[in-house]
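Geometric and topological summary
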Amino acid sequence: MLDKYQVLFNNVLLDSPVGAELYNHDFTKLPRRDIKMYKIAHRDKSIITSGEYTSKDVLVYIDVCSGSRQDTEASLQQLRAITQAQNGLLQVLQAGTITQYTATLNEFNTTWNGSNAYCQLVFTASDPIGEATDVTVMLNETGITTGISTYTFNVLGSFTAEPLITITVNAVTGGTGATLNIYNATTGQGISLTRNWTAGDI
């Protein structure tokens, strides 16, 4: 479990080099938005027709002091090596939940004070909405034997949910060429799976 200031990049702690201390970070900056506007004819006004999140910057602050100036420079080289991957997995503890982003290091700013190096790392997250690593089971139904069954669950928040749906067939009668339909009753969107079903299919 991460503590309040630890940050992982590709499963490596950013304060793992000798003498490195991660003392602050900012994962709460609002992401950039691509806003499109449409001018209304004969009026000195416009309306916003769409607004999509594109990317966000994540700031991480690290103090490195490994002893001598030469030792600190060696630790900085190690820190740079840790953060060089493109589209890496950036993880942090947010509101008690480990949240992850796909991110690339965009800036590595260093200010020296003797043998101390104060570093500001700026990661650009290509997916501006973080994904929690916790799994929440919103629906768990067993023993479905009817041909048509409807179940309701609510997804909170404003982000479009991408649920993982797992269906296990424990027993089946007349499963040859049968069709399994899963759809959203509100939007009418769904999928149909046609195959020869047998017990144990997932």
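Computed from a prediction, not measured in an experiment: that's the story for all the values here.

1. Considering the side chain of N116
Along the polypeptide, N116 turns up in strand β9 (residues 116–125). In terms of polar contacts, N116 uses its side chain to reach the side chain of D63, at 3.4 Å. Not counting the four nearest positions on each side in its chain, N116 is found in contact with D63, V64, C65 and T111.

2. Let's talk about the nonpolar core
Counting residues in each nonpolar core, the largest one holds 24 residues, and the members touching the most others are L14, I62, L90, C119, L121 and F123. Breaking this core down by element, the ones donating at least two residues are β1 (7–9), β3 (20–26), β6 (56–64), α1 (69–82), β7 (88–94), β8 (97–113) and β9. Here this core takes five residues from β9, the largest share from any one element. Those residues in contact with L14 that lie beyond four places of it in its chain are V7, F9, L22, V60, I62, L79, I82, T83 and F123.

3. As for the environment of Y183
Mapping Y183 onto the fold places it in strand β11 (residues 178–183). The exposure class of Y183 is exposed, given its relative accessible area of 58%. Taking the C-alpha atoms as reference points, Y183 and T150, 33 residues apart in sequence, are found 9.7 Å from one another. Contact partners of Y183, with chain neighbours within four places excluded, come to Q189 and G190.

4. A short note on a nonpolar patch on the surface
On the surface, M138, L139, I144, Y151 and F153 cluster together to form a nonpolar patch covering roughly 440 Å² of accessible area. Along the chain, L139 falls in the loop between β10 (131–132) and β11. Here L139 falls in the partly exposed class, since its relative accessible area comes to 37%.

5. Section: the pairing of β9
Counting buried residues in β9 gives seven out of 10 residues, a clear majority hidden from the surface. As paired strands, β6 and β9 are joined by nine bridges and run antiparallel to one another. When the sheet's bridge partners are listed, I62 is paired in β9 with C119. Where β8 and β9 come together, 10 bridges link them in antiparallel fashion. Bridge pairing in β9 places T111 opposite Y118. Linkage of β8 to β9, two consecutive antiparallel strands, is achieved through a turn of two residues, within which G114 is found at a positive phi near 65 degrees.

6. As for the pattern of salt bridges
Considering all chains together, one arrives at two salt bridges under this definition. Here R69 and E73 are joined by a salt bridge, their closest N and O atoms 3.3 Å apart. Taken together, the positions of R69 and E73, both in helix α1 and four residues apart, correspond to about one turn of that helix. Under the relative-accessibility criterion, E73 is labelled partly exposed at 36%. Among the ionic pairs, R195 bridges to D201, the shortest N-O distance being 3.5 Å. In this structure D201 comes out as buried when scored by relative accessible area, which is 13%.

About the cut-offs
Residues numbered from 1 in each chain as written. Predicted model: local features only at pLDDT ≥ 70, side-chain atom pairs only at ≥ 80, totals over all residues. Heavy atoms only, no water. Helix = DSSP H or I, 4+ residues; strand = E, 2+ residues; numbered from the N terminus. Polar contact = N/O pair within 3.5 Å; in protein donor to acceptor, adjacent residues only side chain to side chain. Contact = heavy atoms within 4.5 Å. Core = buried A, V, L, I, M, F, W, Y, C linked by side-chain atoms within 4.5 Å. Buried < 20%, exposed > 50% of the residue type's maximum accessible area, 1.4 Å probe, protein only. Patch = residues over 30% accessible without salt bridge, like charges linked within 9 Å, V, L, I, M, F, W, Y side chains within 5 Å. Areas by Shrake-Rupley, 256 points an atom, 1.4 Å probe, with all protein chains shown as cover. Salt bridge = Lys/Arg side-chain N within 4 Å of Asp/Glu carboxyl O. Pairing = 2+ DSSP bridges.

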